[in-house]
Each structure stands twice: as structure tokens, then as C-alpha cells.
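# Geometric and topological summary
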Amino acid sequence: MDVFHTPEAARNFVSALRSQGRTVGFVPTMGALHDGHLSLVDAAMNCDAAVASIFVNPTQFGPDEDLDKYPRTLTSDLEKLKTAGVSAVFVPTKEQMYPDGFSTSVNPPLVSESLEGTCRPGHFRGVVTVVLKLLNAVPASHAYFGKKDYQQWRVIEAMVRDLDLGTRIIGCETVREDDGLAMSSRNRYLTDEERVRALLLSSALQAVEDAYQAGETRTSILQASMRHTLLGENDSGRVASDAGLQSRPCLDTLQYATVVSAHDLTPLSSIDRPAVALIAGMIGSTRLIDNRELGPT
Ligand code: PAF
């Protein structure tokens, strides 16, 4: 497996394959690889060659976010990618990606403006700018993103379409632990007690899926059901602890629990087209997100 540190070296490698008519599947990552990433690599192996990148992109982290403590596990990441059959890995330094004087950025598409875009100002500008730079270094035929970061997938899809990049963007299913927790590099921050409460996200989404399968299509009802699970609310909507009842486990902060159109993430009053239920919230100091597609996709 080749490891390239400069955009030029990565581009030469990938361009040579593409000029021979070969397909190249690209998996951009920030490292700290888990089985979710490896499922993207598995999908990329359907191409003639698979290439990954590892770069903890500082511009997509807000000033109060976890850039400094984000796990960096390069040696074991490279080992996992080699075992998975990846042909090459692009591992640039911060200085290579953002040299002195760097000042250009991509304006993210409309679909970036709600949800994560509201909670994490500047996040998607950082994401689309780095993904464009990564796709310039790795001009792949296909690129693979996890649907766990559902809005990120839709934002990148829109950016690639709007800027005519020609790479096919493929969203891959979320990989979960046996108990339903969506895999994430941030799960390692959770204490044992927080890890138990983290299951509230997948439980809330399962309850929404069950209600939808039973015929409920009103998003107000589905959203109320998620709040009920996530905030430990009793049936009248009051939080159990406020109502003097025994309190149920809950998130420390709920940022959103919503059901929106799956394609452009616009609000829906009822599920009359492909939809997605999305949740973001804090457990202790860890921010978790999860989602579930509802209806035909
Ligand atoms: O999903 C990620 O790991 C990152 O946001 C990405 C797409 C590699 C860009 O830094």
C-alpha cells in the first residue's frame, strides 16, 4: 500500500489509474478508523482500486469543539487500511492542505443551512472546502460517505453536482454496535454511564420507525415521540423530574429531533415523500448524531 503525503503524489497515482480507464473508489476520513469506515472501504473495493485519505481537518471544527482531543491513531489506521486491501492512502499535513496565505473557501450549498449548519456555524464551509481539495488530490470515479453524517452526505452530493466535479458520490448505510449505537470515533469519549444513555438516540429512531410503519405520517407526532424518548418527558410533555415523577434517563441537551425531506432536508408536515428522522444532542461533553430514513428512498 502506497502512502502519499503531497497532493501531487496522490494525484499522479490516481490519474495514472484513471487514464488506463480504471475506476477508483475514494474514502476520505479523519482517521480513528472503526468498522463504519471499513464498510466504506469495502464498498470502494467494488472499484478497480480503493484509495483512502486521513486528515483531521481543522477548518470544520468550531472554536469550542474537540479538534485538540480528536483521536489520532495513524499507525493502526494504516494497518487496517492495508488489511482491507486499499491501494494507497493520502495523508497530508496541515501545512500542505493550508499553507501560509491560504484564503479560499467554497460556499456550501443550500442544504447545509439547517440542522448541523445552524448548530455548527462554519462547519460545512470547512467540510466542502476540504472535500473539494481532497477530490482534486484524489480525482476518483466514486467517493463513499457514511449516511451517519446524513446532512454531510447531502451537502457533498450537492457541492459535487453544482461544481460539475464528475465524481459519483455514494452514501453507505450506518454501521451499528450490537445494541444499536451508531459507530462514531467520538463514542470513545463516553463514560460507561453515558454509553448507556447514548442508546436513547437509536431507541428514539426505532420508535419513530415503528410508529411510521404502523401508519403514523404526521411529523409533529413523530417529533413529539422522539422528544419523549430523548428528554424523559412524561405523556403530558412535562419532563419527568419537573413533574415530581421518577426521572428517566435523558440527553443532557437536545439540539434537534426532526423529520424532514430526505433529499433536500426541508421541513415536512407529513411523510408524503422519502423522509429522514435526524437527532443531535449532547451526552456529557460528547456530541452525538444519528438518523433513520423513513419511507422509500
Ligand atoms: O466525515 C468525515 O470524516 C469528514 O467530515 C471528511 C468528509 C473526511 C472531511 O474532513
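Details of the structure are given in the entry above.
Residues numbered from 1 in each chain as written. Predicted model: local features only at pLDDT ≥ 70, side-chain atom pairs only at ≥ 80, totals over all residues. Heavy atoms only, no water.

## Section: the sheet that holds strand β4 (residues 88–90)
- Across the sheet, six strands lie side by side as β1-β4-β3-β2-β5-β6; this open sheet has parallel pairing. For this open sheet the edge positions go to β1 (2–4) and β6 (168–172), each flanked by a neighbour on one side alone. Adjacent strand axes in the sheet meet at a mean angle of 25 degrees when their direction is disregarded.
- Here two bridges tie strand β2 (residues 24–29) to strand β5 (residues 142–146), and the two strands are oriented parallel to one another. Bridge assignment links G25 to a residue of β5, and that residue is H142.
- Together, β2, β3 (49–54), β4 and β5 form the strand contacts of helix α6 (residues 123–137), whose direction differs from that of β2 by roughly 145 degrees. (Pairing = 2+ DSSP bridges. Helix = DSSP H or I, 4+ residues; strand = E, 2+ residues; numbered from the N terminus. Axes fitted to C-alpha atoms, helices over the stretch in contact; angles between N-to-C directions. Contact = heavy atoms within 4.5 Å.)

## Regarding the pairing of β2
- By the criterion of burial, β2 is predominantly enclosed, with six of the six residues buried.
- Here six bridges tie β2 to β3, and the two strands are oriented parallel to one another. Looking at the pairing, V27 lines up with A52 of β3.
- In terms of handedness, the path from β2 via helix α2 (residues 35–44) over to β3 forms a crossover that is right-handed. (Buried < 20%, exposed > 50% of the residue type's maximum accessible area, 1.4 Å probe, protein only. Right-handed = clockwise from strand over helix to strand, strands pointing away.)

## Description of the sheet that holds strand β8 (residues 275–283)
- Overall, antiparallel pairing links the three strands, which are arranged β7-β8-β9 in an open sheet. Sheet topology places β7 (253–261) and β9 (286–294) at the edges, where each strand pairs with a single neighbour. The average angle at which neighbouring strand axes cross in this sheet is 10 degrees, direction not considered.
- Pairing of β7 with β8, which is carried by eight bridges, proceeds in the antiparallel orientation.

## Let's talk about the pattern of salt bridges
- Here the structure, examined in full by the defined rule, presents 14 salt bridges.
- As a salt-bridge pair, R197 and D252 come within 3.2 Å of each other at their nearest N and O atoms. Of this pair, R197 sits in helix α8 (residues 192–197) while D252 sits in the loop between α10 (219–231) and β7; the two residues are 55 residues apart in sequence, bridging distant segments of the chain.
- Judged by relative accessible area, R197 falls into the buried class, the value being 12%.
- For D252, a relative accessible area of 46% gives the class partly exposed.
- A salt bridge links D272 to R273; the shortest N-O distance between them is 2.9 Å.
- With a relative accessible area of 51%, D272 lands in the exposed category. (Salt bridge = Lys/Arg side-chain N within 4 Å of Asp/Glu carboxyl O.)

## Section: the state of the cysteines
- Tallying each qualifying case throughout the model produces zero disulfides.
- Sulfur of C172: no disulfide; nearest cysteine sulfur belongs to C47 and is 11 Å away.
- Since its relative accessible area comes to 11%, C172 is described here as buried.
- Free cysteine C250: the closest other cysteine sulfur is in C119, separated by 18 Å. (Disulfide = S-S within 2.5 Å.)

## Considering helix α1 (residues 7–19)
- For α1, which comprises 13 residues, the first-to-last C-alpha distance of 18 Å matches the rise-based estimate of 18 Å (1.5 Å per residue) to within 8%.
- Those residues of α1 that sit buried are P7, A10, V14 and L17. Down the axis, α1 shows its buried residues gathered within 105 degrees of arc, on one side only. Among the exposed residues of α1, those pointing more than 90 degrees away from its buried face are N12 and S19.
- At its buried positions, α1 is contacted by β1, β2, β3, β4 and α6.
- Directly beyond the C-terminal end of α1, a positive phi value near 85 degrees is found at G21. (Expected span 1.5 Å × (residues − 1). Arc of directions from axis to C-beta.)

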